[in-house]
Amino acid sequence: MYSLNGKFGALVTMMALLLALLYCYISLSFRVVVTFEQEQAIANGRSAGTVRKNHVFHLVAPDHLMYKQPSIVEGRTDVVTVTPWLAPVVWEGTFNPELLDSIYRQQNISIAATVFAVGKYIMFLKDFLETAEQHFFVGFRVQIFVFTDRPNEVPKVKMAADRGVTVHAVPSSNRWQVISARRMELVQELIEQKLQGKTDYIFCLDVDSKFHNRWGTESLGGLVAVIHPGYYWDPRSNFPYERRAQSRAYVAVGEGDFYYCGGAFGGNIEEVRLLAKTCRSNFEADSADGLEAAWQEESHLNRYMWINKPSKILSPEYLWQDFKSRNREIQIIRFSGIVKNYADIRPNV
Ligand code: 5GW
Ligand code: MN
């Protein structure tokens, strides 16, 4: 009896050891620890690097959900809906909003948005916030972080439960270059100090714009970029990338996929943290060399997205410009930059 017990005990111990080993193996293979220097080298394209695994691949739909049968032979044919690296390009008619919402509702996700309203740009904030309440992730937990030098002038906007505005005071600045440079820095700090571990996704948006239609769960992804409305019919040689090889934002002629907007980008918190950190340090290194990229942070963002391919692309529906006439392929405008009188709103630059 005793010896049987002893054997049994040894067996249990062996099993436990094996399980522990298996656990270590699985957790190690999924959790790749990367230092910031390594991260940055990878992000800048100077190292083959390690794959970071932090996407939510598992999409669970509620049982018995009724929706229109999807087709794989019919759909939009007037636009490209997938990139050469197989990231979806989101256009009206390519997704089912009810299906997507019900998938993400079960994950109880929370979304952050950042918006800068420095100086006279505070005048755009009311419309931005009111229309965000009507169209941006309606029915989900949303927190909008407003960075402004005029915290007293932030309008009070009524928002649903689980949604709100948080105001962060920033110093005034007359130079756009300074405001622009600090955007990435402040986004990085916000993520590291407040959002990591608490918020799932973040979008960084220009304030001089309004929502007109749904911007929701279809836009979620690891690294999310928006196609700039001004260049998507053009050859890449026309894109206003930074063209000086000394700059860390350099994209050579013959390189580049699309021209992406600086006025809207986002994704999973960790991806955006790395983007902000990398763009900020490249921006600062350029500054130290007396270099300012052609379109400041937009240039750095474009360089980043060339090396770090976005896992989801949003069509120009997600950042149109009010002054542009609507092209045929634009079936809906979701978010659009308003026409502004530069002389009225910009400080002397
Ligand atoms: C922008 C240009 C020149 C000088 C100052 C600014 C500026 C930008 C500003 O004084 N205050 C400010 O809050 N911004 C933020 O940067 C706004 O969120 C704005 O939407 C964003 C990008 O600047 P935009 O919208 O003028 O750039 P475009 O390329 O969309 O016209
Ligand atoms: Mn803008």
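Predicted, not measured: the structure shown is a model, and the values here were computed from it.

### Details of the nonpolar core
Next, step 1: Core analysis: the largest hydrophobic core is formed by 43 residues, its most contacted members being F136, I144, L205 and W215.
Next, step 2: The set of elements that each furnish at least two residues to this core consists of α3 (97-106), β2 (110-117), α4 (125-135), β3 (141-148), β5 (201-205), β7 (223-227) and β8 (260-268).
Next, step 3: Setting aside chain neighbours within four positions, we find L205 in contact with A113, T114, V115, F116, F128, F136, R183, F211, W215, G263, A264 and F335.
Next, step 4: If you look at the next biggest cluster of nonpolar residues, it comprises 37 residues, including F116, L186, L274 and L275.

### Describing the packing of helix α5 (residues 176-195) against helix α7 (residues 296-307)
Next, step 1: It is the contact of α5 with α7, at a shortest axis distance of 8 Å, that shows an interaxial angle of 35°. Packed against α5, whose contacting residues are W176, Q177, S180, R183 and M184, the element α7 presents Q296, E297 and L301 at the interface.

### Description of the environment of L129
Next, step 1: Position of L129 relative to the elements: it lies in helix α4.
Next, step 2: Taking the C-alpha atoms as reference points, L129 and F211, separated by 82 residues in sequence, lie 9.0 Å from one another.

### Considering the site of ligand 1
Next, step 1: Contacts to ligand 1 come from 14 residues, most closely from F116, V118, Y121, K340 and R346.
Next, step 2: At 2.5 Å from an oxygen atom of ligand 1 is found a main-chain nitrogen or oxygen belonging to F116.
Next, step 3: One nitrogen or oxygen atom from the side chain of D206 is found 3.1 Å from an oxygen atom belonging to ligand 1.
Next, step 4: In isolation ligand 1 has 580 Å² of accessible area, and contact with the protein removes 87% of it.
Next, step 5: Of all elements in the fold, only β2 and α5 reach the threshold of two or more residues within the shell around ligand 1.

### Considerations on the sheet that holds strand β4 (residues 163-169)
Next, step 1: Ordered by their spatial adjacency, 8 strands build an open sheet running β1-β9-β7-β8-β5-β2-β3-β4, and the pairing between neighbours is mixed. Of all the strands in the sheet, the pair left with one neighbour each is β1 (89-90) and β4.
Next, step 2: Two elements, β7 and β8, share 4 bridges in a ladder whose sense is antiparallel. Looking at β8, one finds that A225 is bridged to F265.
Next, step 3: Packed onto the sheet, α4 meets β2, β3, β4 and β5 and runs at close to 170° relative to β3.

### Let's talk about the packing of aromatic side chains
Next, step 1: Inspection of the entire model under this criterion finds 23 aromatic pairs.
Next, step 2: Note on F137 and F140: the rings are 6.4 Å apart at their centroids and 85° apart in plane angle, and the pair reads as edge-to-face. The exposure classification of F137 matches that of F140, with both residues buried.
Next, step 3: Taken together, the ring pairs in this structure connect F128, F136, F137, F140, F203, F211, W215, Y318 and F335 into an aromatic cluster.
Next, step 4: Just above the ring of F140 sits the side chain of R105; from NZ or CZ to the centre is 4.6 Å.
Next, step 5: In this structure, K309 packs its charged tip against the face of W85, placed 5.2 Å from the ring centre.

### Some thoughts on the pairing of β5
Next, step 1: Among the 5 residues in β5, 5 count as buried, and that is most of the element.
Next, step 2: Of the two faces of β5, the one carrying Y201, F203 and L205 and the one carrying I202 and C204 are both buried.
Next, step 3: In this structure, β2 lies alongside β5, joined through 5 bridges in parallel fashion. When the sheet's bridge partners are listed, A113 is paired in β5 with F203.

Definitions and cut-offs
- Residues numbered from 1 in each chain as written.
- Chains lettered and ligands numbered in written order.
- Predicted model: local features only at pLDDT ≥ 70, side-chain atom pairs only at ≥ 80, totals over all residues.
- Heavy atoms only, no water.
- Core = buried A, V, L, I, M, F, W, Y, C linked by side-chain atoms within 4.5 Å.
- Buried < 20%, exposed > 50% of the residue type's maximum accessible area, 1.4 Å probe, protein only.
- Helix = DSSP H or I, 4+ residues; strand = E, 2+ residues; numbered from the N terminus.
- Contact = heavy atoms within 4.5 Å.
- Axes fitted to C-alpha atoms, helices over the stretch in contact; angles between N-to-C directions.
- Near = heavy atom within 4 Å.
- Polar contact = N/O pair within 3.5 Å; in protein donor to acceptor, adjacent residues only side chain to side chain.
- Areas by Shrake-Rupley, 256 points an atom, 1.4 Å probe, with all protein chains shown as cover.
- Pairing = 2+ DSSP bridges.
- Phe/Tyr/Trp six-rings, centres within 6.5 Å; stacked < 30°, edge-to-face > 60°.
- Lys NZ or Arg CZ within 6 Å of the ring centre and 35° of its normal.

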